[in-house]
Amino acid sequence: MAWRWSRALRRRSQSFALVVLAWGAVAPGCGDEDVPAAELGARLFSATELSTSPINRFSCATCHVVAPGAPAIVPNRWDSGYNLAGAAARRSWWGGGALRLLDAINVCVGQFMGGRALVAEEPRARQLGEFLAVNAPAQTLDPVPLTIVRATTPLTELTGNRERGALIYTSSCLRCHGALHTGSGRLDSRTSILPEETLRAFPNAARAAFVEKIRHGRFFNIGGVMPFYSVEAMSDADVADLLAYAGL
């Protein structure tokens, strides 16, 4: 019988130390069959192996944090994804685009990790669900606002702060793109070096392209695997600061 995600997570059992006898988790080894599902889910959350793609470099933790007691948008982190503590109790996800938590997870697995969608019956889906349910309150939570900027502008009316832009870059872009100008520490050779590759691809519209990539990510007929930044996750003032730091 399939595990019913939306109901099972909202009606959490009193104990989350659920033992999973089938071990399809990350780096299975001796004794994993005796590890609680929530603990295996915590490993999955930080593992690129959650995706079936051999070239995936993302994990859930690349874009999300699980910080109990913190708001959905954790101050001064500038994650593209929201804080997932309590996420299992939300009424919907992705701005109402997903009505089951598993469907919301599969958006990330498919769109950004290039992997096969998880199905409710498999151990990995249950383990990840149990991990997210640990921090979920008993009451149902309202959806978190997700404002997508569909028509972007170069934000020329805003003057950014370069020093603040450096802090934002370190807290957001650095984890994937590496150091500005050199790409030192970037995820892999496919990840663009900023801002040089933007300038090379769009010599007359680099600022506009930079903003559009932040706001649209891989969507709106734009390539790559980068997630977009909603207005809630990164304000226009934040983006202007990034532009100042990048010299655009």
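Residues numbered from 1 in each chain as written. Predicted model: local features only at pLDDT ≥ 70, side-chain atom pairs only at ≥ 80, totals over all residues. Heavy atoms only, no water.

Turning next to the pattern of salt bridges. Enumeration according to the criterion identifies eleven salt bridges in this entry. The partner of Asp 238 in a salt bridge is Arg 164, with the nearest N and O atoms 2.7 Å apart. Of this pair, Asp 238 sits in helix α10 (residues 236–246) while Arg 164 sits in helix α6 (residues 162–171), placing them 74 residues apart in sequence. Between Asp 188 and Arg 190 there is a salt bridge whose closest N-O contact spans 2.7 Å. You can call Asp 188 buried: its relative accessible area is 17%. (Salt bridge = Lys/Arg side-chain N within 4 Å of Asp/Glu carboxyl O. Helix = DSSP H or I, 4+ residues; strand = E, 2+ residues; numbered from the N terminus. Buried < 20%, exposed > 50% of the residue type's maximum accessible area, 1.4 Å probe, protein only.)

Turning next to the side chain of Asn 83. When you line up the elements, Asn 83 lands in the loop between α3 (60–63) and α4 (101–111). At 3.2 Å, the side chain of Asn 83 forms a polar contact with the backbone oxygen of Ala 70. Sequence-distant contacts of Asn 83, defined by excluding residues within four places in its chain, comprise Val 65, Val 66, Ala 67, Ala 70, Pro 71, Ala 72, Val 74 and Arg 90. (Polar contact = N/O pair within 3.5 Å; in protein donor to acceptor, adjacent residues only side chain to side chain. Contact = heavy atoms within 4.5 Å.)

On average, residues of the protein chain score 88 in pLDDT, and 87% of them reach the 70 mark or higher. In the predicted structure, residues 1–30 sits below a pLDDT of 50 and forms 67 contacts with residues beyond four places in sequence or in another chain. (pLDDT = per-residue confidence, 0-100.)

Before going further, it helps to spend a moment on α10. By the criterion of burial, α10 is predominantly enclosed, with eight of the eleven residues buried. Along α10, the positions that sit buried rather than exposed are Asp 238, Val 239, Ala 240, Asp 241, Leu 242, Leu 243, Tyr 245 and Ala 246. Elements that come into contact with the buried residues of α10 comprise α6 and α9 (206–216). Trailing α10 by a residue or two, Gly 247 shows a phi angle of about 75°, which is positive.

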